[in-house]
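Listed below, chain by chain, are the residues.
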Amino acid sequence: MNYRIEQKDSFRIVGVKEHYSMNVEECFQQVPQFWQKTVESGAVPGILAQMDKEPYGLLGVSTCMKGQEFDYYIAAATSKETPAGMEEYTVPECTWAIFECIGAMPDAIQELQKRIITEWLPASGYEYANAPDIEVYFDGNQQSADYRCEV
C-alpha cells in the first residue's frame, strides 16, 4: 500500500449528507447509491463550486464514528458560506495516513478500506482516531482501471 503521513490543520466542508448505521456490508451498498443519487440530482457542480481549500477534489467524508451510526458527506473543502440546501462539518486537526487508491470505483476504494483496517493499521504502530475517514476523488474516469484517488 502506497501511503504518506501528514499533519493537517482543521478545515470546513460543505455538501450533502446522509445518515447510516455502522454495518459495513450495508454501507458498501448504500453509499454508492447515495453517490449515484447525488450525481443524478445535478448537485455535484454546486458542491465543487464551493471548493477553495485543500484537500482539492470531491470528498466523501464519514463522520461521527462513535457508536453504531455515522454521517456521510459528499462535499468540498471551503472557506465560503454554506449555501442553502447544503450541510457543513468541521474536520478536526489531525495526523492523517493518506493512501493512494488505483482502480475502478467503488470496488477499488472499498477493497483498500478493508486492507487499511485489517492489514496496515494493526502493523503500523498507529491507532484509529476518533476522526472522520476522508475519500478524495480527483477528475477522471472513475470506472477506469487506472483511476487514482486517495483515502
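Provided above is the structure to which this section pertains.
I will try to describe carefully the structure that is included in this document. It should be emphasised that the depicted structure is a prediction, and the values quoted were computed from it without experimental measurement.

### Observations regarding the pairing of strand β6 (residues 94-102)
Piece 1. Across six bridges, the pairing between strand β1 (residues 3-8) and β6 is antiparallel. Each bridged residue has a counterpart across the sheet, and for Tyr3 the counterpart in β6 is Phe99.
Piece 2. In this sheet, strand β8 (residues 148-150) lies alongside β6 in antiparallel orientation, the contact comprising three bridges. Bridged to Glu100 within β8 is Glu150.

### Points about the sheet that holds β6
Piece 1. The strand order across the open sheet formed by eight strands is β1-β6-β8-β7-β3-β4-β2-β5, and the pairing between neighbours is antiparallel. The two strands at the open ends of the sheet, each matched to only one other strand, are β1 and β5 (87-91). Averaged over all adjacent pairs, the angle separating strand axes in this sheet is 30°, with direction ignored.
Piece 2. The sheet contact formed by strand β3 (residues 58-63) and strand β7 (residues 133-137) spans five bridges and is antiparallel.

### A word on the nonpolar core
Piece 1. Core analysis: the biggest nonpolar cluster contains 28 residues, and Tyr72, Ile74, Met105 and Tyr137 have the highest contact counts within it.
Piece 2. Listing elements by their share of this core, those giving two or more residues are β2 (11-21), α1 (24-41), α2 (44-48), β4 (69-77), β6 and α3 (107-124).
Piece 3. Once you skip the residues sitting within four places of it in the chain, Ile74 turns out to touch Val14, Gly15, Val16, Phe34, Trp35, Thr38, Ile47, Leu58 and Leu59.

The rules behind the values
- Residues numbered from 1 in each chain as written.
- Predicted model: local features only at pLDDT ≥ 70, side-chain atom pairs only at ≥ 80, totals over all residues.
- Heavy atoms only, no water.
- Pairing = 2+ DSSP bridges.
- Helix = DSSP H or I, 4+ residues; strand = E, 2+ residues; numbered from the N terminus.
- Axes fitted to C-alpha atoms, helices over the stretch in contact; angles between N-to-C directions.
- Core = buried A, V, L, I, M, F, W, Y, C linked by side-chain atoms within 4.5 Å.
- Buried < 20%, exposed > 50% of the residue type's maximum accessible area, 1.4 Å probe, protein only.
- Contact = heavy atoms within 4.5 Å.

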